[in-house]
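Summary of structural features
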Amino acid sequence: METSKKDNLPTILVGGNPFEEFVEDNTVFVDKTRIISTLINDPQRAFFLSRPRRFGKTLLLDTIKNIFEGEKHLFENLDIGKSEFDRAWEPFPVIMFSFNGYPHDPVLLKKRLIYELNKIVAQHKLPIRTVND
């Protein structure tokens, strides 16, 4: 759902829109890229990101995904695009999957995880053997 554009004002999107849509549609959102660059540039630390429901977790992860995929053009007007970001904008394959809808039974969960991981290995043509267990 989105508000209507009136007098060329920025749009406010509501829902799980991809980061790319926010940038390309002149949408209002909070620029978290300075914090993201700190997370990426400090490999010695582990981070636990916890937020309440409907508080931007998916958008944050999608933003990080676009950074690692090398989508520099999306970040030209954001903090990370204006800074001396330590990481080159060389693209890396990004593997993401959600546990939403996964079974609670440990045996079924293991089967589903193996299925999803084998699918990712095939999709990215990774030199990893698939598991049949």
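Procedures and definitions
Each chain carries its own residue numbering, running from 1 in the written order of its sequence. Per-residue local features of the predicted model are confined to residues with pLDDT of at least 70, and side-chain atom pairs are confined, for both listing and counting, to 80 or more; whole-chain, interface and lining totals are unaffected and use all residues. Only hydrogens and water are removed before side-chain values are computed, so all heavy atoms of the structure are retained for them. What makes a salt bridge here is a side-chain nitrogen of Lys or Arg within 4 Å of a carboxyl oxygen of Asp or Glu, nothing more. In this description a helix means any DSSP run of H or I spanning at least four residues, a strand means any run of E spanning at least two, and both kinds are numbered starting from the N terminus. Lining residues are those with an atom within 4 Å of a point, where the points come from a 1 Å grid over the protein atoms alone and group into cavities, where a 1.4 Å probe fits but cannot get out, or pockets, open sets with protein on both sides within 12 Å along at least five of seven lines. Grid points are joined across faces, edges and corners, and a volume is the space filled by probe spheres set on the points. Residues are grouped as follows: nonpolar covers Ala, Val, Leu, Ile, Met, Phe, Trp, Tyr, Cys and Pro; charged covers Asp, Glu, Lys and Arg; every other residue, Gly included, is treated as polar. Working definition of a nonpolar core: buried Ala, Val, Leu, Ile, Met, Phe, Trp, Tyr and Cys residues. They are joined through side-chain atoms within 4.5 Å. The rule is simple: take the accessible area with a 1.4 Å probe, protein chains only, and divide by the maximum for that residue type; under 20% is buried, over 50% is exposed, in between is partly exposed. Only heavy atoms enter the contact rule, under which two residues are in contact if any of them lie within 4.5 Å. A helix is expected to span 1.5 Å multiplied by its residue count minus one. Stacked, edge-to-face and tilted labels apply to pairs of Phe, Tyr and Trp rings (six-membered ring for Trp) whose centres lie within 6.5 Å, assigned for plane angles under 30 degrees, over 60, and everything in between, in that order.

Description of the pattern of salt bridges
Throughout the structure, instances matching the rule amount to 4 salt bridges. A salt bridge links Arg 34 to Asp 79, with the nearest nitrogen and oxygen atoms 3.4 Å apart. Placement of Arg 34 in helix 2 (residues 33–41) and of Asp 79 in helix 4 (residues 79–82) is noted, with a sequence separation of 45 residues between them. For Glu 69, the salt bridge goes to Lys 65, with nearest N and O atoms at 3.4 Å.

Notes on the layout of surface pockets
As a volume, the second largest pocket reaches approximately 380 Å³. What lines the second largest pocket is Leu 61, Ile 64, Lys 65, Phe 68, Val 94, Ile 95, Met 96, Phe 97, Ser 98, Phe 99 and Asn 100. Partitioning the lining of the second largest pocket into residue classes produces 8 nonpolar, 2 polar and 1 charged.

Considerations on the nonpolar core
The biggest cluster of nonpolar side chains holds 13 residues, and the ones touching the most others in it are Phe 19, Ile 36, Ile 67, Phe 75, Ile 80, Phe 85 and Trp 89. Put simply, the parts of the chain that give this core at least two residues each are helix 1 (19–24) and helix 3 (57–68). Considering every element that reaches this core, the biggest residue donor is helix 3, with 4 residues. Each residue touching Ile 36, except ones within four places of it in the same chain, is listed here: Leu 60, Thr 63, Ile 64 and Ile 67.

Describing helix 3
Compared with an ideal rise of 1.5 Å per residue, which puts 12 residues at 16 Å, helix 3 spans 17 Å between its outermost C-alpha atoms and is within 8% of the ideal. Looking at the buried side of helix 3, the elements it contacts are helix 1, helix 2 and helix 4. Just past helix 3, the residue Gly 70 takes up positive phi, approximately 80 degrees.

Structural notes on the packing of aromatic side chains
The description of two aromatic rings rests on the distance between their centres and on the angle between their planes. If you walk through the whole model with that rule in mind, you get 4 aromatic pairs. Both rings, one in Phe 85 and one in Trp 89, keep their centres 5.5 Å apart while their planes meet at 50 degrees; by these two values the pair is tilted. Judged on exposure class, the residue Phe 85 and its partner Trp 89 are both buried. Cluster of aromatic residues (ring-pair linked, three or more members): Phe 19, Phe 75, Phe 85 and Trp 89.

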